[in-house]
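Understanding the architecture of this molecule
If you want the building blocks of each chain, they are given just below.
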Amino acid sequence: MGGARMRVWLCVALVAAVAWARVDRAEAAEIKVLSAGAVRSVVSGLAEAFGRETGHAVMLTFGTVGALRQKLAAGEPADVLILTDVAIDDLARQGAVAAGTRTDIGRTAMGVAVREGAPLPDISTADAFKQTLLSAKSLTYVDPAQGATSGVHFAGVLKRLGIAEAVKGKTRLVAGGYPAELVAKGEAELVAHQISEIIPVKGVTLVGPLPKDLQKITTYSAGLAAQSAVADAARAFVAFVSRPSFKARFAEAGLDYRE
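Note that the coordinates shown come from a computational prediction; the quantities given were computed from them, not determined experimentally.

Another aspect to go through is the side chain of S138. Examined against the element boundaries, S138 turns out to sit in the loop between α5 (126-135) and β5 (139-142). Polar side-chain contacts of S138 include one of 3.0 Å to the backbone nitrogen of E189. Discounting chain neighbours no more than four positions away, the residues touching S138 are K170, E187, A188, E189 and L190.

Right, dumping it as structure tokens:
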């Protein structure tokens, strides 16, 4: 009798476990996130951790802020947006981001990198940086036409220094991603990009941030898309990536910039 009773309880337990698993799968959500590339190195890992903790699936699409806003305007579905604080606030005014949901998650600055092992150029002042750019055999940054925060700013820096035309012929513009990879491959001598998108690239050395008078510090924020189909799960993801316990990860990735 004891053995029979045990088998019955085991069967009941198995049925219950299967039933709970089905409930869990039914309640699991697919969260669509449109995210700026500047936070890619951290958000990718946190999305996986969130999935393990909650059972929700996070579908990430990375791109420039300009390109992602175009996707959103074209009707691409989204549940969470991770863009610059300025873009999130603008979209909130337009009704595309739910009011009061902006959550700042990281802060980075523009930096310069060269291939690992190469001499470090002088970028300590605006004048020194100007001479470094003029002396470089080649340089790369993100095409400002793509609406990239770093590309738009750096194009402005070149104009401000009065050397936009002088370096145009030796400049390689990229659509997005990590232009520092071109430096690692030896296809460009110098890259100007956000520090958080230089640090993840192997084979390059961060020289340092741009001179203070040429610098741009950018805050990246998450916000709940107003038309999210899984608002509760989306809110949970925003709360997850902004946990204080993850601040160290953001700092290691160059997303806790302090002057």
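Before going further, it helps to examine the confidence of the model for the protein. Counting all residues, the mean pLDDT for the protein is 91, and 90% of those residues have values of 70 or more. Here residues 8-26 is modelled with pLDDT under 50, and outside its nearest four sequence neighbours on either side it reaches 0 contacts, counting other chains as well.

Moving on to the pairing of strand β3 (residues 80-84). Burial within β3 is extensive, with 5 of its 5 residues counted as buried. Pairing analysis gives 3 bridges linking strand β1 (residues 30-36) to β3, with the strands arranged parallel. Its bridge partner lying in β3, S35 is registered against I82. Pairing geometry for β3 and strand β9 (residues 217-224), over 5 bridges, is antiparallel. Looking at β9, one finds that L81 is bridged to G223.

Let's shift gears to the pattern of salt bridges. Going through the model one piece at a time under the given rule, you end up with 10 salt bridges. The residue R93 makes a salt bridge to D90 at a minimum N-O spacing of 3.6 Å. Highlighted residues: R93 and D90, both in helix α4 (residues 85-94), separated by 3 residues, approximately one helical turn. Here D232 ties to R235 by a salt bridge, and the two come within 3.5 Å at their closest N and O atoms. Taken together, the positions of D232 and R235, both in helix α9 (residues 231-241) and 3 residues apart, correspond to about one turn of that helix. The exposure class of R235 is partly exposed, given its relative accessible area of 46%. One network of salt bridges, in which partners are shared, links R69, D90 and R93.

Residues A126, A128, F129, T132 and L133 constitute the buried set of α5. In a view along the axis of α5, the buried residues occupy a sector of 160 degrees, so they form one face of it. Residues of α5 that are exposed and angled more than 90 degrees away from the buried face: D127 and S135.

All told, the structure shown has 5 aromatic pairs when counted by the stated rule. Their ring planes at 55 degrees and their centres at 5.0 Å tell us that F240 and F246 sit as a pair that is tilted. Of the two residues, F240 and F246, both sit in the buried class. An aromatic cluster of three or more residues is present, and its members are F50, F237, F240 and F246.

For the rest of this paragraph, the subject is the side chain of T140. One can find T140 in strand β5. A polar contact is formed between the side chain of T140 and the backbone oxygen of R172, at a distance of 2.7 Å. Dropping the residues within four chain positions of it, T140 is found in contact with R172, V174, P179, L182, V183, A188, L190, V191 and A192.

So, about α4. By the burial criterion, the buried members of α4 are D85, A87, I88 and L91. Taken end-on, α4 shows its buried residues confined to a sector of 160 degrees, consistent with a single buried face. Looking at α4, the residues exposed on the side facing more than 90 degrees away from the buried face are V86 and R93. Those residues of α4 that are buried are in contact with α3 (65-73), β3, β4 (103-115) and β9.

Moving on, we come to the packing of α3 against α4. It is at 12 Å that the axes of α3 and α4 come closest, and there the two elements cross at 20 degrees. Between α3 and α4, the crossing angle belongs to the class labelled roughly parallel. The element α3 and its partner α4 pack so that their crossing is right-handed. Seen from α3, the contacting residues are V65, R69 and L72; seen from α4, they are A87, D90, L91 and Q94. Looking at the contact of α3 with α4 residue by residue, the class counts come to 4 nonpolar, 1 polar and 2 charged.

Right, let's get into the environment of L210. Position of L210 relative to the elements: it lies in the loop between β8 (204-209) and β9. The sequence separation of L210 and S124 amounts to 86 residues, and the corresponding C-alpha distance is 7.7 Å. Residues contacting L210, with those up to four places away along its chain left out, are M110, G111, V112, F129, H153 and Q215.

Calculation rules
- Residues numbered from 1 in each chain as written.
- Predicted model: local features only at pLDDT ≥ 70, side-chain atom pairs only at ≥ 80, totals over all residues.
- Heavy atoms only, no water.
- Helix = DSSP H or I, 4+ residues; strand = E, 2+ residues; numbered from the N terminus.
- Polar contact = N/O pair within 3.5 Å; in protein donor to acceptor, adjacent residues only side chain to side chain.
- Contact = heavy atoms within 4.5 Å.
- pLDDT = per-residue confidence, 0-100.
- Buried < 20%, exposed > 50% of the residue type's maximum accessible area, 1.4 Å probe, protein only.
- Pairing = 2+ DSSP bridges.
- Salt bridge = Lys/Arg side-chain N within 4 Å of Asp/Glu carboxyl O.
- Arc of directions from axis to C-beta.
- Phe/Tyr/Trp six-rings, centres within 6.5 Å; stacked < 30°, edge-to-face > 60°.
- Axes fitted to C-alpha atoms, helices over the stretch in contact; angles between N-to-C directions.
- Parallel < 35°, antiparallel > 145°, perpendicular 65-115°, else oblique.
- Left-handed = near helix turned anticlockwise from the far one by under 90°.
- Nonpolar A, V, L, I, M, F, W, Y, C, P; charged D, E, K, R; others polar.

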